[in-house]
Amino acid sequence: MSTNTVKATPRRDRPFSWQNLGKTIAGGYVPLLLATMVVFVPLLWMMLSSLKAPGEIVTTNLTWLPKSPSFQNYADAASTVPFARFFLNSVIVTVIGSTIKCVLAVFTAYALVFVRFPFKRVIFLLILVALMVPPQVSVLPNYVLIAGMGGLNTYWGIILPGLGTAFGTFLLRQHFLTLPPAILESAEIDGAGHWRKLWKIVVPVSVPSIATVALVTIVSEWNEYIWPLIVTDHPDMMTLPVGLTQLVNSDGSTQNWGMLMAGAVIVLLPILLIFAALQRYIVSGLTQGSVTG
């Protein structure tokens, strides 16, 4: 005599059931909202404070919105220190430094993947080691070198020590490894050399990864503070982050927090615009190569 047994199937929540909605909200939207507030609320407070009078910032009765919004803090900041010169210096250093960094990262990553030469694995291992070394370790040797070469208070003295980017080289190398070898082999059969393969094939299909490296490099160059502070002591060569220090030290008796907030907004706003322009490449650039077929 045989008996029929029925296997119980696990009960699945309906997509719009209260249990499923509760899990989605508690496990997804709430952490996302909290993380967004942690990042966005200080920025919002800084921007609103830059439009307030000093008495509205340092007070026991804090209010979010300014009573009478004014751009006077921005005018005061521009008249107290040469912000236009600081801005120009930051643009020059960031454009030149980030461009050279990205080009060197593309060349180095291409060589590590597609060019045969001795000790290639050793060089890549040294690049990985460079990722683990804090940049503060090289400040003193770089200062001695740049000062000995007469690079204090010069653009090249600010740019030169940071031209190597281990992160960009590592990221682009990992992406280049995922490119189909058949594309490059067909180009090589057609007589294409390394230079043509790099600019006609590798670079066009690697735009998201290169844009990610460019964004990270631009942000790091723009926000760099320690090294420009060390190698510059003349206002004509200071960058915006260092210029904020001059703004803080301009009035020793009382701090005009509205003016300081306005200066911080001037430093932050260009980076936000660049991030908004390149943000669509970030996820695709960082995840390229993470899934293989």
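See above for the structure.
Reading the values: the criteria
Residues numbered from 1 in each chain as written. Predicted model: local features only at pLDDT ≥ 70, side-chain atom pairs only at ≥ 80, totals over all residues. Heavy atoms only, no water. Buried < 20%, exposed > 50% of the residue type's maximum accessible area, 1.4 Å probe, protein only. Helix = DSSP H or I, 4+ residues; strand = E, 2+ residues; numbered from the N terminus. Phe/Tyr/Trp six-rings, centres within 6.5 Å; stacked < 30°, edge-to-face > 60°. Lys NZ or Arg CZ within 6 Å of the ring centre and 35° of its normal. 1 Å grid on protein atoms, 1.4 Å probe; cavity = no way out; pocket = protein on both sides within 12 Å on 5 of 7 lines; lining within 4 Å. Points joined across faces, edges and corners; volume = space filled by probe spheres on them. Nonpolar A, V, L, I, M, F, W, Y, C, P; charged D, E, K, R; others polar. Axes fitted to C-alpha atoms, helices over the stretch in contact; angles between N-to-C directions. Parallel < 35°, antiparallel > 145°, perpendicular 65-115°, else oblique. Contact = heavy atoms within 4.5 Å. Patch = residues over 30% accessible without salt bridge, like charges linked within 9 Å, V, L, I, M, F, W, Y side chains within 5 Å. Areas by Shrake-Rupley, 256 points an atom, 1.4 Å probe, with all protein chains shown as cover. Salt bridge = Lys/Arg side-chain N within 4 Å of Asp/Glu carboxyl O. Lys, Arg positive; Asp, Glu negative; His and termini not counted. Left-handed = near helix turned anticlockwise from the far one by under 90°.

Draft legend 1. How the structure looks around helix α8 (residues 166-176). With eight of 11 residues buried, α8 lies mostly within the body of the structure. Burial in α8 covers these residues: Ala166, Gly168, Thr169, Leu171, Leu172, Arg173, His175 and Phe176.

Draft legend 2. Highlighting the packing of aromatic side chains. In the structure shown here, the tally under the stated rule is nine aromatic pairs. Ring centres of Phe71 and Tyr74 lie 5.8 Å apart, and the angle between their planes is 45°; this geometry places the pair in the tilted category. Taking relative accessible area as the criterion, Phe71 reaches 63% and is therefore assigned exposed. When the ring of Phe87 is compared with that of Trp222, the centres are 5.7 Å apart and the planes differ by 75°; the resulting orientation is edge-to-face. Here Phe87 is found in helix α4 (residues 83-114), whereas its partner Trp222 is found in helix α11 (residues 207-223), with 135 residues between them in sequence. Here Trp222 falls in the buried class, since its relative accessible area comes to 5%. Among the aromatic side chains, those forming a connected cluster through ring pairs are Phe107, Trp195 and Trp199. Lying across the ring of Phe124, Arg173 places its NZ or CZ 3.7 Å from the centre.

Draft legend 3. Looking closely at empty space enclosed by the protein. Taken as a whole and judged by the stated rule, the model has one cavity of 30 Å³ or more. Within this model, the largest cavity holds a volume of roughly 30 Å³. Contributing to the lining of the largest cavity are Leu179, Pro180, Ile183, Leu184, Ile201 and Val205. Sorting the residues of the lining of the largest cavity by element identifies α9 (181-189) and α10 (194-205) as the ones contributing at least two each. Looking at side-chain class alone, the lining of the largest cavity contains six nonpolar, no polar and no charged residues.

Draft legend 4. Spatial organisation of the packing of α4 against α10. Put simply, α4 and α10 touch, their axes get as near as 12 Å, and they point 105° apart. Between α4 and α10, the angle falls in the class roughly perpendicular. Contact with α4, carried on its side by Val106, Phe107, Tyr110 and Phe114, involves His194, Trp195, Lys197, Leu198, Trp199, Val202 and Val203 of α10 and no other residues of that element. Taken together, the residues of the contact of α4 with α10 sort by class into nine nonpolar, one polar and one charged.

Draft legend 5. Representation of the layout of surface pockets in the model. As a volume, the largest pocket reaches approximately 890 Å³. Taken together, 27 residues form the lining of the largest pocket, with Lys101, Pro135, Pro161, Gly162 and Gly164 sitting closest to its centre. Contributions of two or more residues to the lining of the largest pocket are made by α4, α5 (120-132), α6 (139-148), α7 (155-159), α8, α11 and α12 (226-231). A per-element tally of the lining of the largest pocket places α11 first, with four residues. When the residues that make up the lining of the largest pocket are grouped by side-chain class, the tally is 16 nonpolar, eight polar and three charged. Forming the walls of the second largest pocket are Phe114, Arg116, Leu179, Pro180, Pro181, Leu184, Glu185, Glu188, His194 and Lys197.

Draft legend 6. Fine view of a nonpolar patch on the surface. A cluster of nonpolar residues, Leu21, Ile25, Tyr29, Val30, Leu33, Leu34, Met37, Phe40, Val41, Leu44, Trp64 and Leu65, forms a patch on the protein surface that exposes about 1100 Å² of accessible area. Looking at the secondary structure, you find Leu33 in helix α1 (residues 18-49).

Draft legend 7. Expanded view of the side chain of Arg173. Structurally, Arg173 can be placed in helix α8. For the buried Arg173, which has no salt bridge, the nearest side chain bearing the opposite charge is Glu185, at an N-O separation of 17 Å. Setting aside chain neighbours within four positions, we find Arg173 in contact with Ala109, Leu112, Val113 and Phe124.

Draft legend 8. Expanded view of the packing of α5 against α8. Where α5 meets α8, the closest approach of the two axes is 9 Å, and the angle between their N-to-C directions is 130°. Here α5 is positioned oblique relative to α8, judged by the angle of their axes. Considering how the two elements wind past one another, α5 and α8 form a crossing that is left-handed. Side by side, α5 and α8 meet where Phe124, Ile127, Leu128, Ala130 and Leu131 of the first sit next to Ala166, Phe167, Thr169, Phe170, Arg173 and Gln174 of the second. Its residues assigned to classes, the contact of α5 with α8 shows eight nonpolar, two polar and one charged.

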